[in-house]
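Spelled out from the first residue to the last, the chains are:
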Amino acid sequence: MKKNSKMVLALASVILVISLIAWGYQIRNGLAVTNMRNPFSWGLYIATFAFFVGIAAGGLIVSSSVYLFNIEKLKPFTKIASLSAFASTLGAGAMILPDMGRVERVFNVFLHPNWRSPLVWDVIVISTYLVLTFLSVYVQLLPDWKRDGRGFLNGWTKSREQEQVDALAKKWSRRISIVGLPVAILIHTVTALIFATQASRSWWNTAVLPPDFVSVAVASGTALVLVISLVAVGKERFDEFQEAFRTLALIVAGALVVHFFLVSVDLLVHWWWGKPEGLEVLSLVFGKYGPVYATEILLPGFTMFYFFSKRGSSSFNSLLGGSVLLFVGVFAHRLMLMFPSFNAIPLSLSLPGLGIENWAYPIATGQLKEGMSVFASSWSYAPSLVEYAVALLPFGLILFVVSYALTLYNFVPQKGGLSSRNLNVPSLNTNDIGTLKL
Amino acid sequence: MRLGMVIDLDRCIGCRSCAVACKAHNAQPPGTWWNRVFTPGSEEHQVAVGSNGHLQMNFLPVSCQMCDNAPCEKVCPAGATYTDERGVVLVDYERCIGCRYCIAACPYGVRQFNWEDPHQAKERVGYQEGYEYGYPADYRDPDGRLVYTPNRPLGVVEKCTFCVQYTSKGELPACVQACPAKARIFGDLDDPDSEVSRLVQERQAFRLKEELGTSPKVFYLPPTKSSR
Ligand code: SF4
Ligand code: SF4
């Protein structure tokens with residue numbers, strides 16, 4: 001185990017270094033090294049950002065439901081849920097930075113915030129969420145640290161009794177969850193509002209977007225908790241937590257039902273009125289971007305049915321597989337936020353009498369290049385190699401933070417006497433599970 | 001004061017002089033065009049659309065519409081995009097963080113990003129060495145905000161400023177000066193006696209994407225030469 005985690009850490013570091021080098025290259029040469037241009041001005045970075053904001057939710061939603069709704073079965077996983085939430089939020093925040101043309105000026109958002117901008121609201125809620133998830137991990141680790149006589153920023157617990165620290169941790173994780181749940185919902189609502197407020201883009205401009213972001217977040221965030229706990233617990237001890245895993249799988253499937261419901265009413269409304277702009281977007285969704293759209297619908301659709309079934313939700317491999325399919329689908333979903341939207345140019349005109357509907361007014365691409373028209377009515381965006389490399393940043397960061405934390409501290413409930421086999425922490429006894437149940 | 005523009009589509013001959021003057025006066029980097037002129041409905045500019053002998057060819061110049069309810073300004077997280085006291089929507093090149101939210105928000109596709117360094121871009125595409133074009137000096141608004149500079153910084157957004165470097169001195173924007181057909185009329189929409197106000201009132205002036213509620217300050221007079 002120790003060797004394994006060292007290898008994961010090394011892998012994470014390599015990923016981080018690759019992405020940082022690519023980012024450095026991009027800073028030197030400008031965003032021209034991406035395949036974004038004026039007609040298609042947000043791409044892989046913003047889609048990846050939205051993806052990680054989504055999976056960041058699950059964490060606190062799981063811990064909160066334990067405390068708020070008394071879903072006892074999930075208790076063993078609150079620590080790991082908070083950790084995954086913290087790491088994903090960090091990843092999401094980091095992903096935003098390379099998308100900025102002038103990253104060294106981002107402080108302007110704090111110096112001169114425009115309170116009308118949904119981006120400013122997003123910075124506020126995501127930072128709040130980052131702090132809350134960090135605190136949540138911190139307080140849940142306090143009792144263990146106290147017992148083992150180590151830890152981080154916990155000098156103040158020295159003068160206290162173990163019972164006092166246990167009680168304190170219990171009280172504060174509860175409080176943080178209570179504050180955290182609305183903030184978790186807010187980060188999706190506000191991230192969705194970045195898009196939903198824009199009447200210039202009919203694909204985004206729908207009130208369904210925020211609730212849909214929340215449902216996708218619950219599904220993908222819970223799936224991430226599922227995956228991390230599966231890996232942390234291991235196949236051998238799967239049976240021990242079968243109940244909890246099944247509950248998580250049901251949450252994922254239930255959230256997907258809501259997601260598909262919202263998506264279908266949204267499509268129906270777009271199609272029913274049949275505005276040329278609306279139909280154009282639909283033809284992009286089902287035509288040019290059909291394969292990506294099929295990925296976004298079919299994979300999570302499969303996971304939904306699979307996780308509802310007894311078979312899908314009761315074995316280690318099926319849970320892992322279903323979650324991975326879901327991640328791929330949700331990532332496609334985030335990409336589909338961009339493709340149809342930017343390829344339907346907002347300034348399009350109809351010429352009645354000539355039978356011309358929806359003629360797109362060409363946009364200057366922003367680059368003069370041999371063999372390429374300066375003006376474009378659509379932009380077939382596919383990320384460049386540099387973009388892929390830069391977009392590894394959050395993946396590396398999350399892998400690093402999670403695996404590092406797992407090697408350092410004890411995030412999984414330990415079985416008596418067996419714990420030192422898994423992690424390099426002193427052996428703990430079965431009471432541990434008791435402490436977690438606080 | 002609310003500066004606005006009326007573009008008479010009846011007079012526009014689609015010559016793109018305004019686009020060229022705009023590009024040159026405002027030192028736009030290669031591939032960047034604040035002002036575009038196209039033939040609506042047609043794949044190519046200056047090619048008629050229609051069939052069976054019923055052909056039509058009109059021209060539509062589009063630059064920043066100077067929206068009163070400007071989504072680009074509302075989304076800008078750092079307040080880099082703002083409306084000055086004359087109603088002109090401007091971008092502070094020293095404050096823009098390059099997030100490009102405004103490009104997504106603008107319904108008119110007029111915002112342009114500096115994907116590469118303008119200096120290098122000019123070199124790369126082979127503009128003659130030493131060829132510098134455009135108004136040569138920086139222009140700062142009364143608060144000291146940099147809203148025009150001949151060589152834009154890498155990674156910021158730019159767009160039409162109603163030629164702030166000229167109009168702040170009472171001169172006309174370059175496109176208005178350059179139009180050989182006198183299709184562009186510039187003035188104060190708050191002054192009921194100005195030519196722009198009169199045209200907006202008396203002619204069937206329309207605005208682009210009126211249904212979005214952006215309230216542009218650029219008005220168009222419809223073309224009557226519908227077929228020829
Ligand atoms: S046309 Fe676009 S850039 Fe100009 S004010 Fe309106 S929204 Fe802003
Ligand atoms: S790109 Fe610049 S001007 Fe546009 S919204 Fe971002 S900070 Fe504001």
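Residues numbered from 1 in each chain as written. Chains lettered and ligands numbered in written order. Predicted model: local features only at pLDDT ≥ 70, side-chain atom pairs only at ≥ 80, totals over all residues. Heavy atoms only, no water.

**Q** Before we go on, may I ask you to explain the overall build of chain A in this structure?
**A** Helix and strand counts for chain A come out as 15 helices and four strands. On C-alpha atoms alone, chain A measures out to a radius of gyration of 23 Å, which is about the 22 Å that the 2.2 N^0.38 rule sets for 438 residues. Projecting the C-alpha coordinates of chain A onto the three principal axes gives extents of approximately 80 × 50 × 40 Å. Surface summary for chain A: the accessible area is close to 17900 Å², and the carbon and sulfur share equals 69%. Between the centroid of the 33 positive side chains of chain A and the centroid of its 22 negative side chains there is a distance of 7 Å. (Helix = DSSP H or I, 4+ residues; strand = E, 2+ residues; numbered from the N terminus. Rg over C-alpha atoms; globule rule 2.2 N^0.38 Å. Areas by Shrake-Rupley, 256 points an atom, 1.4 Å probe, with all protein chains shown as cover. Lys, Arg positive; Asp, Glu negative; His and termini not counted. Charge placed at Lys NZ, Arg CZ, Asp CG, Glu CD.)

**Q** What is the right way to look at the overall build of chain B in this model?
**A** Helix and strand counts for chain B come out as seven helices and 13 strands. Taking 2.2 N^0.38 as the reference for a compact globule, 228 residues should give roughly 17 Å; the C-alpha atoms of chain B span a radius of gyration of 18 Å, in line with that estimate. Sorting the 228 residues of chain B into buried and exposed places 61% on the buried side. Sequence separation of at least 24 residues holds for 65% of the intrachain contacts in chain B that already meet a minimum separation of 6. When the accessible surface of chain B is split by element, carbon and sulfur atoms take 49% of a total near 8900 Å². (Buried < 20%, exposed > 50% of the residue type's maximum accessible area, 1.4 Å probe, protein only. Contact = heavy atoms within 4.5 Å.)

**Q** Please clarify how the site of ligand 2 should be interpreted in this entry.
**A** Close contacts around ligand 2 come from Cys 76, Pro 77, Thr 81, Cys 96, Ile 97, Gly 98, Cys 99, Arg 100, Cys 102, Arg 111 and Val 157 of chain B, and that covers them all. For the shell around ligand 2, a count of residues per class yields seven nonpolar, two polar and two charged. (Near = heavy atom within 4 Å. Nonpolar A, V, L, I, M, F, W, Y, C, P; charged D, E, K, R; others polar.)

**Q** Explain the side chain of Gln 162 of chain A here, please?
**A** By secondary structure assignment, the location of Gln 162 of chain A is in helix H6 (residues 162–196). If sequence neighbours within four positions are ignored, Gln 162 of chain A has contacts with Pro 143, Lys 146 and Arg 147 of chain A.

**Q** Explain the interface of chain A and chain B to me, please; I cannot follow it from the model alone.
**A** A common way to state how big an interface is: give the accessible area lost once the parts meet. Opposite the 57 residues of chain A that make contact, chain B presents 57 residues. On inspection of chain A and its partner chain B, the count reaches two salt bridges. One salt bridge connects Glu 277 of chain A with Lys 209 of chain B, and the closest N-O pair in it is separated by 2.9 Å. Across the contact surface, chain A and chain B share 38 residue pairs in polar contact (both at pLDDT 80 or more). Those elements that provide at least two residues to the side of chain A that touches chain B are helix H1 (2–29), helix H4 (108–111), helix H5 (118–148), H6, strand E1 (348–351), strand E2 (356–360) and strand E3 (363–364) of chain A. Class assignment for the residues of the side of chain A that touches chain B results in 32 nonpolar, 17 polar and eight charged. (Salt bridge = Lys/Arg side-chain N within 4 Å of Asp/Glu carboxyl O. Polar contact = N/O pair within 3.5 Å; in protein donor to acceptor, adjacent residues only side chain to side chain.)

**Q** In this structure, what is going on with the pairing of E2 of chain A? I would like to understand it.
**A** Two faces belong to every sheet, and in a regular strand the side chains alternate between them. All names here are of chain A. Burial runs high along E2: four of the five residues are buried. As paired strands, E1 and E2 are joined by three bridges and run antiparallel to one another. Paired with Leu 351 across the strands is Ile 356, a residue of E2. (Pairing = 2+ DSSP bridges.)

**Q** Please clarify how the pattern of salt bridges should be interpreted in this entry.
**A** Pairing of side chains with opposite charge becomes possible as their charged atoms draw close. Throughout the structure, instances matching the rule amount to 19 salt bridges over all chains. A salt bridge links Arg 100 of chain B to Asp 99 of chain A; the shortest N-O distance between them is 2.7 Å. Taken as a pair, Arg 100 of chain B in the loop between strand E7 (89–91) and helix H3 (101–105) and Asp 99 of chain A in helix H3 (residues 78–99) lie in two separate chains rather than in one. Across the pair, Asp 99 of chain A and Arg 100 of chain B agree in class, each one buried. Close ionic contact of Arg 207 of chain B with Glu 210 of chain B constitutes a salt bridge, the shortest N to O distance being 2.8 Å.

**Q** Explain the sheet that holds strand E13 (residues 218–221) of chain B here, please?
**A** Strands in a sheet are paired, the pairing made by backbone hydrogen bonds, and the direction either parallel or antiparallel. Residue and element names in this part refer to chain B. An order of E12-E1-E13 is seen for the three strands of this open sheet, with the pairing classed as mixed. The sheet terminates laterally at strand E12 (184–188) and E13, the two strands that pair on one side only. Mean inter-strand twist for the sheet, computed between neighbouring axes without regard to direction, equals 20 degrees. Relative to the sheet, helix H7 (residues 195–202) contacts strand E1 (3–8), E12 and E13, its axis offset from that of E12 by approximately 110 degrees. (Axes fitted to C-alpha atoms, helices over the stretch in contact; angles between N-to-C directions.)

**Q** Honestly, the side chain of Thr 39 of chain B in this entry has me stumped. Any pointers?
**A** Along the chain, Thr 39 of chain B falls in the loop between strand E2 (36–38) and strand E3 (49–51). A distance of 2.9 Å separates polar atoms of two side chains, one belonging to Thr 39 of chain B and the other to His 45 of chain B. If sequence neighbours within four positions are ignored, Thr 39 of chain B has contacts with Trp 359 of chain A together with Glu 44, His 45, Gln 46, Val 47, Met 57, Asn 58 and Phe 59 of chain B.

**Q** What exactly am I supposed to notice about the confidence of the model for chain B here?
**A** Regions with low pLDDT carry predicted coordinates that are not meant to be interpreted in detail. Model confidence for chain B is summarised by a mean pLDDT of 95, while 98% of its residues fall at 70 or above. Two summary scores accompany this predicted model of the complex, namely pTM at 0.92 and ipTM at 0.95. (pLDDT = per-residue confidence, 0-100.)

**Q** Would you explain helix H11 (residues 316–343) of chain A in this entry?
**A** Each turn of an α-helix holds 3.6 residues, which means side chains three or four residues apart point in the same direction. Taking 1.5 Å as the rise per residue, H11 of chain A with 28 residues should run 40 Å; its terminal C-alpha atoms sit 41 Å apart, in good agreement. Of all 28 residues that make up H11 of chain A, 22 are buried, and the element is covered over most of its length. (Expected span 1.5 Å × (residues − 1).)

**Q** Sorry, what's going on with the confidence of the model for chain A here?
**A** Residues and elements named next belong to chain A. When pLDDT is averaged along chain A, the result is 89; 94% of the residues meet or exceed 70. When mean pLDDT is compared element by element in chain A, helix H12 (residues 385–390) scores highest at 98, while helix H14 (residues 419–422) scores lowest at 36. Note on residues 416–438: pLDDT is under 50 here. Beyond four places in sequence and across chains, it has 47 contacts.

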